[in-house]
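Residue-level listing of the chains:
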Amino acid sequence: MTTNDSLYVTVTAEGLVVAVNGKDMITLSGDYQNFLECLELADGSKSCQSIISELSQNGRNPADIHEILTFCMDENIIKTTGYSDLRRGQVSLDEYSYTKWDRQIRNFASLPEIDDQQAVTYQKNLEEAHIAILGVAVLLTSPSSSQ
C-alpha cells in the first residue's frame, strides 16, 4: 500500500484536511492520530495486513485500523499497487518512456477509479496512437466594384 501521489494533508483550525485529485476535500475532526499513523506506514513497503498488525502491537484496535484503511482506499488516499513496481518491468513501457512521461502517468494514477496499471496502459495507448491533422484554407476575395 502506498499513498496517492497527489495526496495533500494539512492541519487547520477545523481539523485535518485531506485532499487528492478528483475527489472533494475531506476535513477530519477529533482524534485523527490513527489516521496519520496509517498514512505514515503506507509507504509502499507494507501490505494492509502488516499495517494492521504493526499498529495492533502498539495498542491500536485492529477493527479501527481496518476501517481507516478501507476508507482511505475508497477515497483514493492510498492505493494497493505501487507505481515503482510497474517501473520494474511488469508493464511494457521502456525506461525512457517511464522517465519522459512520469508526471503524466502519475497524474492518471491519481484519479479515482484508476490504478497504476491502468495509468501506464493509458500512457502506452497514447504513445502508440497516431493522429493526422488536415487543414483546408480558402482565400475569399470580393470582386472589386469598378464602374
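Everything below is about the structure shown above.
Starting from 1, residues in each chain are numbered consecutively following that chain's sequence as written. A pLDDT threshold of at least 70 governs which residues receive local features in this predicted model, and a stricter bar of 80 or more applies before side-chain atom pairs are shown or counted, although totals over entire chains, interfaces and linings include all residues. The basis for every side-chain value is the complete set of non-hydrogen atoms in the structure, without hydrogens or water.

S.K.: Which parts of the structure should I look at to understand empty space enclosed by the protein?
M.R.: Empty space among the atoms can be located by rolling a probe the size of a water molecule over them. The method works on a 1 Å grid over the protein atoms by themselves. A cavity is a set of points holding a 1.4 Å probe that cannot get out, a pocket is an open set with protein on both sides within 12 Å along at least five of seven lines, and residues with an atom within 4 Å of a point line them. Grid points are joined across faces, edges and corners, and a volume is the space filled by probe spheres set on the points. Throughout the structure, instances matching the rule amount to one cavity of 30 Å³ or more. Taken as a whole, the largest cavity encloses approximately 30 Å³ of empty space. Every residue lining the largest cavity is listed: V18, A19, V20, K23, D24, I26, E75 and I77. Here the residues of the lining of the largest cavity are counted per class, giving five nonpolar, no polar and three charged. Lys, Arg, Asp and Glu make up the charged group, whereas Ala, Val, Leu, Ile, Met, Phe, Trp, Tyr, Cys and Pro make up the nonpolar group; the residues left over, Gly among them, are polar.

S.K.: Would you take a moment to explain the nonpolar core for this structure?
M.R.: Side chains of a nonpolar character, in soluble globular proteins, are inclined to be buried together. Definition of nonpolar core: a set of buried residues of the types Ala, Val, Leu, Ile, Met, Phe, Trp, Tyr and Cys, connected through side-chain atoms within 4.5 Å. Residue exposure (1.4 Å probe, protein chains only): buried if accessible area is under 20% of the type maximum, exposed if over 50%, otherwise partly exposed. Within the largest apolar cluster, 21 residues are counted, with the highest numbers of intra-cluster contacts made by F35, I51, I65, L69, C72, I77 and I78. For this core, the secondary-structure elements that each account for two or more residues are β3 (15-19), β4 (26-28), α1 (33-41), α2 (48-57) and α3 (62-74). A contact between two residues is defined here by any heavy atoms of the two lying within 4.5 Å. Those residues within four positions of L69 in sequence are excluded, and the remaining contacts are M1, C38, C48, I51, I52 and I78. Core analysis: the next-biggest nonpolar cluster, separate from the first, contains seven residues, I105, F108, A109 and I114 among them. A helix here means a DSSP run of H or I that spans at least four residues, while a strand means a run of E at least two residues long, and both kinds are numbered starting from the N terminus.

S.K.: Got a minute to help me understand the sheet that holds strand β2 (residues 8-12) in this structure?
M.R.: Sheet strands line up and pair through hydrogen bonds in the backbone, either parallel or antiparallel. Strand order in the open sheet formed by three strands is β2-β3-β4, and the pairing between neighbours is antiparallel. Whereas interior strands pair on both sides, the edge strands pair on one side only; in this sheet they are β2 and β4. Neighbour-to-neighbour, the strand axes of the sheet open up by a mean angle of 25°, direction not taken into account. A pair of strands is treated as paired once DSSP finds two or more bridges between them. Sheet analysis places β3 next to β4, joined by three bridges and oriented antiparallel. Across the sheet, residue V18 finds its bridge partner in β4, namely I26. On top of the sheet, α1 reaches β2, β3 and β4; it is set at about 35° to β3, its chief contact. Every axis corresponds to a line fitted to the C-alpha atoms, with the helix fit spanning only the stretch in contact, and the corresponding angles, defined between N-to-C directions, vary from 0 to 180 degrees.

S.K.: So what exactly am I meant to see when it comes to α2 here?
M.R.: Residue pairs spaced three or four apart in an α-helix point in one direction, given the helix's 3.6 residues per turn. Regarding α2, the residues found buried are I51, I52 and L55. Buried residues of α2, seen end-on, are gathered within an arc of 100° and therefore sit on one face of the element. Away from the buried face of α2 by more than 90 degrees, exposed residues Q49 and Q57 are located. Along its buried surface, α2 packs onto α1 and α3. Positioned one or two residues after α2, G59 has a phi angle of 90°, which is positive. The arc under discussion is defined with respect to the helix axis, by the directions toward the C-beta atoms.

S.K.: Just to check I follow, could you spell out the packing of helix α6 (residues 102-109) against helix α7 (residues 116-128) for this structure?
M.R.: Two packed helices can be described by the angle between their axes and the distance between those axes. At their nearest, the axes of α6 and α7 sit 8 Å apart, and the two run at 130° to each other. On the basis of their axis angle, the class for α6 and α7 is oblique. The crossing of α6 and α7 is right-handed. Of α7, the residues touching α6 (which contributes Q104, I105, F108 and A109) are D116, A119, V120, Y122, Q123 and L126. Here the contact of α6 with α7 is composed, by residue class, of seven nonpolar, two polar and one charged. Just so you know how the angles are binned, under 35 degrees is roughly parallel, over 145 roughly antiparallel, 65 to 115 roughly perpendicular, and the rest oblique. Helix crossings are classified by the rotation of the near helix relative to the far one: an anticlockwise turn of less than a right angle makes the crossing left-handed, while a clockwise turn makes it right-handed.

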